[in-house]
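# Overview (structure and organization)
Next come the chains, spelled out residue by residue.
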Amino acid sequence: DVASSGDLQLSAFRNTDGTLAVVALNPGTSANSVTYTLKNLAATSATPYLTNTTGNTTAQSPVRVTGGTFTATVPARSLITYRLTP
């Protein structure tokens, strides 16, 4: 489940190694704060990888996952891939 506003486009994939990838694309002109709720995954952190005009899958600081939920901001005109490890 995801709570956000704006033009955000989301996809999620379970990888063969048991990790989860959540991809968030923000084609809009302003940043978008997003709250992600993960079901059936006991992750404690999500590592975001930012792709935009200045970087290509550049690792960012991990985001804490508490009770299966985390909140993060997707910058304008950017794609973020979160990697979550159970």
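First, a word on scope: everything that follows refers to the structure included in this document. (Residues numbered from 1 in each chain as written. Predicted model: local features only at pLDDT ≥ 70, side-chain atom pairs only at ≥ 80, totals over all residues. Heavy atoms only, no water.)

## Notes on unusual backbone geometry
Note on backbone geometry: most residues besides glycine have negative phi, and most peptide bonds are trans. To keep it simple, the criterion reads: Secondary structure elements are taken from DSSP: a helix is a run of H or I of four residues or more, a strand is a run of E of two residues or more, and numbering for both begins at the N terminus. The rule is simple: take the accessible area with a 1.4 Å probe, protein chains only, and divide by the maximum for that residue type; under 20% is buried, over 50% is exposed, in between is partly exposed.
Positioned with a positive phi, Thr57 is a non-glycine residue whose angle comes to about 45°. Position of Thr57 relative to the elements: it lies in strand S6 (residues 55-59). Under the relative-accessibility criterion, Thr57 is labelled partly exposed at 47%. Unusually for a residue other than glycine, Arg77 sits at a positive phi of about 50°.

## Let's talk about the pattern of salt bridges
Two side chains carrying opposite charge are able to pair once their charged atoms lie near each other. What counts is decided by this rule: Definition used for salt bridges: Asp or Glu carboxyl oxygen within 4 Å of a side-chain nitrogen of Lys or Arg.
If you walk through the whole model with that rule in mind, you get one salt bridge. The salt bridge partner of Arg83 is Asp17, with a shortest N-O separation of 3.4 Å. Taken as a pair, Arg83 in strand S9 (residues 78-84) and Asp17 in the loop between strand S2 (9-14) and strand S3 (20-26) lie far apart in primary sequence, 66 residues in all. Under the relative-accessibility criterion, Arg83 is labelled partly exposed at 37%. For Asp17, a relative accessible area of 53% translates into the label exposed.

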